[in-house]
Amino acid sequence: MARDRQTAGLCSRCNRGTVNCLYNYFVKDARTIYSWEHRCDDCGHRETEAFRSDDPELNSETDPTVCPYCKRQAAAQ
Ligand SMILES: [Zn+2]
Ligand SMILES: [Zn+2]
């Protein structure tokens, strides 16, 4: 399992805390699961998104190694 965390600026919910962008991926059976989390270190506001490599909705227009919230590219591969 890989972990990759970066700060992603000021929280839009509380305008005070810093949002941490956390990327994880892990391989389970034959599929890879990519998970993204944005979480504020002040108010705790949290957003998550996960992509599975065998999801039929995951097409070539969706890059699971790009954060759906801040659009950064994952550093850990
Ligand atoms: Zn906040
Ligand atoms: Zn992000």
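A quick note: this is a predicted structure, and the numbers were derived from the prediction, not measured.

The rules we used
Residues numbered from 1 in each chain as written. Chains lettered and ligands numbered in written order. Predicted model: local features only at pLDDT ≥ 70, side-chain atom pairs only at ≥ 80, totals over all residues. Buried ≥ 20, exposed ≤ 12 C-beta atoms within 10 Å, placed from the backbone. Helix = DSSP H or I, 4+ residues; strand = E, 2+ residues; numbered from the N terminus. Pairing = 2+ DSSP bridges.

Visitor: Got a minute to help me understand unusual backbone geometry in this structure?
Guide: Apart from glycine, the bulk of residues carry a negative phi angle, and the bulk of peptide bonds sit in the trans form. Backbone geometry at N15 places phi at a positive 60°, although glycine is not the residue there. Accessibility expressed as a C-beta count within 10 Å gives 9 for N15, which makes it exposed. Notably, K71 is not glycine yet its phi reads approximately 65°, a positive angle. Among the structural elements, K71 can be located in the segment after β4 (46–52).

Visitor: Even after reading the chapter, I still don't get the pairing of strand β3 (residues 31–40), so can you show me in this structure?
Guide: Where strand β2 (residues 18–28) and β3 come together, ten bridges link them in antiparallel fashion. Bridge pairing in β3 places Y25 opposite Y34. Joining the antiparallel neighbours β2 and β3 is a turn of two residues, in which D29 adopts a positive phi near 55°. In this sheet, β4 lies alongside β3 in antiparallel orientation, the contact comprising seven bridges. The residue bridging R39 from the neighbouring strand is R46, located in β4. Counting the residues between successive antiparallel strands, the hairpin from β3 to β4 contains five residues, one of them, G44, with a positive phi of roughly 80°.

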